[in-house]
Every structure is written in C-alpha cells, then in structure tokens.
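These are the residues of each chain, in order.
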Amino acid sequence: MQKSFGISVLKNMRSALNWLTSSYLRAFVFIFILAFGIRASGNELYILPSPERELGAIARSLVDTGQFADPYMIPTGPTTHLPPIPPAIVALIYYLFGNTWQAGYVFVGFTFMISSLIYALMPWIANGLGAGRQAGFVGGLMGAFMVELEQPTHGEGLAGILLGLMLVAFLKRWNSERNSMIGSMALGLGIGISFHVQPALLPIFLGCFAFEIWRSKKLPSILMAGVILACIPWAWRNYIVFHDFFFIRDNLGLELRMGNSPGAAATFETMDRQGHYYKHPRLDPAEARKVKELGEMEYMREALNES
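Presented here is an overview of the structure given in this document. This is a predicted model, so every value here is computed, not measured. (Residues numbered from 1 in each chain as written. Predicted model: local features only at pLDDT ≥ 70, side-chain atom pairs only at ≥ 80, totals over all residues. Heavy atoms only, no water.)

Some details on the pattern of salt bridges
Here's step 1: By the definition in use, this model includes 9 salt bridges.
Here's step 2: The partner of Arg257 in a salt bridge is Glu287, with the nearest N and O atoms 3.5 Å apart. One end of the pair, Arg257, is in helix α12 (residues 252-259); the other, Glu287, is in helix α14 (residues 285-294), with 30 residues separating them in the sequence.
Here's step 3: In this structure, Lys290 and Glu302 form a salt bridge, with 3.4 Å as the shortest nitrogen-oxygen distance. Placement of Lys290 in helix α14 and of Glu302 in helix α15 (residues 296-306) is noted, with a sequence separation of 12 residues between them.
Here's step 4: In this structure Lys290 comes out as partly exposed when scored by relative accessible area, which is 25%.
Here's step 5: In this structure, a network of salt bridges that share partners links the residues Arg257, Lys279, Glu287 and Glu306. (Salt bridge = Lys/Arg side-chain N within 4 Å of Asp/Glu carboxyl O. Helix = DSSP H or I, 4+ residues; strand = E, 2+ residues; numbered from the N terminus. Buried < 20%, exposed > 50% of the residue type's maximum accessible area, 1.4 Å probe, protein only.)

Considering the packing of helix α2 (residues 24-40) against helix α7 (residues 133-145)
Here's step 1: Viewed as axis vectors pointing N to C, α2 and α7 meet at an angle of 10°, and their least axial separation amounts to 8 Å. As summarised for this structure, α2 and α7 are arranged roughly parallel, according to the angle between their axes. As for the relative orientation of α2 and α7, their crossing is right-handed in sense. Here α2 contributes Tyr24, Ala27, Phe30, Ile31, Leu34, Ala35, Ile38 and Arg39 to the contact with α7, which in turn contributes Arg133, Phe137, Gly140, Leu141, Gly143, Ala144 and Phe145. (Axes fitted to C-alpha atoms, helices over the stretch in contact; angles between N-to-C directions. Parallel < 35°, antiparallel > 145°, perpendicular 65-115°, else oblique. Left-handed = near helix turned anticlockwise from the far one by under 90°. Contact = heavy atoms within 4.5 Å.)

Points about empty space enclosed by the protein
Here's step 1: Tallying each qualifying case throughout the model produces 1 cavity of 30 Å³ or more.
Here's step 2: By volume, the largest cavity is sized at about 120 Å³.
Here's step 3: Phe110, Pro152, Thr153, Gly155 and Leu158 are the residues nearest the centre of the largest cavity, which is lined by 13 residues in total.
Here's step 4: The set of elements that each furnish at least two residues to the lining of the largest cavity consists of α4 (85-97), α5 (101-120) and α8 (156-175).
Here's step 5: Ranked by residue count, the leading element in the lining of the largest cavity is α5, at 4 residues. (1 Å grid on protein atoms, 1.4 Å probe; cavity = no way out; pocket = protein on both sides within 12 Å on 5 of 7 lines; lining within 4 Å. Points joined across faces, edges and corners; volume = space filled by probe spheres on them.)

Brief notes about the side chain of Arg282
Here's step 1: On the secondary structure map, Arg282 appears in the loop between α13 (268-273) and α14.
Here's step 2: Nearest to the buried, unbridged Arg282 among oppositely charged side chains is Glu54, at 5.3 Å.
Here's step 3: For Arg282, the side chain forms a polar contact with the main-chain oxygen of Pro71, separated by 2.5 Å.
Here's step 4: If sequence neighbours within four positions are ignored, Arg282 has contacts with Pro51, Glu52, Arg53, Glu54, Ala57, Pro71, Tyr72 and Met73. (Lys, Arg positive; Asp, Glu negative; His and termini not counted. Polar contact = N/O pair within 3.5 Å; in protein donor to acceptor, adjacent residues only side chain to side chain.)

Printed below as a string of structure tokens:
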C-alpha cells in the first residue's frame, strides 16, 4: 500500500515537472514569481546604497554634479574605482525618486527582480547549454529558495544573467554553419557592454574567443570589433581624465594591497572581529587625502607596488 502510494506521488511529481517545463514561459513565470515572493517576504529590506560606501557615493555625485567621481571619504575627484553601469543604475533611481523611502523600495525591487531573473532563466540557459530544460528547472527552483545573504548591489546579478547569455550565444555560434555579420557584431557589442557591468567577465570571454579561433582557424574579427567598439567610449573618457589606458576600472592595486596586508582574512566580518586596520581611502582620512594629492591613478600605482 505504502509502495503504491509512493509510486503514485512520484508519478504526479513527474507529471507536474513535465507540465511546468513543457513551456519556457510557464517555467520562467513560475520560478520568477516564487523567487521574487520569497525575497520580498523577508523581514529586512535593503534600502538604497549609502553614500558612505563607494557605490552610493558615486551615484550621489552623478546626481548632484553629473560627474562619475568622489567614491571615498572626502571629495577626491573623478574616479574609475567601480565599473560605470551599477552606479549609473542607482543614480537613475536617486534622480527619479530622490533620497526617499520610495526610492529604497524601487531599488530593492530591482535587486529582487534581477536575482529572480537569474533563476527564472535557468531552464532556457540549461537547455541552450545542452543540459536540458528539466535540469535547468530544478536548478532554478533550488536557486529560488537560496536567498542571498547580501543584496547584489554591485551588478553581480546582472553579470550572472549576462554570463549565461554569453555562453549560450557562443555555443549557438559553434553549432551553426554560418554566422551573420550583424549577429557577430551584436554579440560583440553585448559582451563589451557587459564588461561595464562586471569586468570579471573578461576571462570567460577570452576563453570562449580563444576556443573559437582554435575551432575555426581564423580570427572572428567582426565579433572582436563589436567588443572594442562598445569599450571605446568609457576608455576614451578615462584617457581624457586620467591620461592613461586601462581596462574599465583602476583599483587593482588597492584591492591587492587589502587582500595581502597583515591580518587579512577571508571575510570582512572576520577582519572586523579581529580589529583589522583597513588601509583604504573609504575608511581612512589620511589615505583619502593621499588620493586627492596624488591623483587616483598614481595612488593605485603606489598601492600596487606596496602589495
């Protein structure tokens, strides 16, 4: 009796899974609503990023002065401490709603939406990568219940979506006999724009690009032209302001110094408990004044030499 009941339950679960995954739209809507509802029902809502942190400070500068600047404890001038798109999103919310509770709810709703989109897209992404939509549905369902300990305010959620789209697009290219010039250019532009959300996507792109060269025995020049074209405006702004070329952001030296300083640990919470001193211009007035005196580029070079 118990065995037949168990078999019946498993059959019903399988039928429900087949029904939910028989349509991408149905699977997407189900996972999205579930993930969003779970996040929105939390006891604490993360409101707008504070101007006391780099993201919020740059966003306020964009609204108040129109400048991508002043991420640190005191005004230090133009910056590339962060990639441009995440602060621009926060600045748009500040601009439209002001520093109000309405803006806070819009921002937290946006972060919930992006997180939910990651998991809702899993059936389509998994199927595009060859794992099958049912495997993607199960993965998306699990992700819907895995609420983030911290809200992804620095573009992590958008980067996750863009990473999945990039991998699916490359796999489709490799499985296609011919790729159009327009499609290659559009993919290149999209990848270039994604770097302005999260530059850490660069190694994944380079790996895919190297495989494409090895596979086709020729340089996919249209694709690379799209990537370069998308990166030119921000690179030109940085060259005009800082008289130097670098990839998207300039804070490598600072981050390496923090990660390799005495007392550094795996998490900020651990270092806080240990009373760790952060040699960082966001937290140390002396370091912020040093950025202002030297300029951000020279400060980052010195930090790199120290690290």
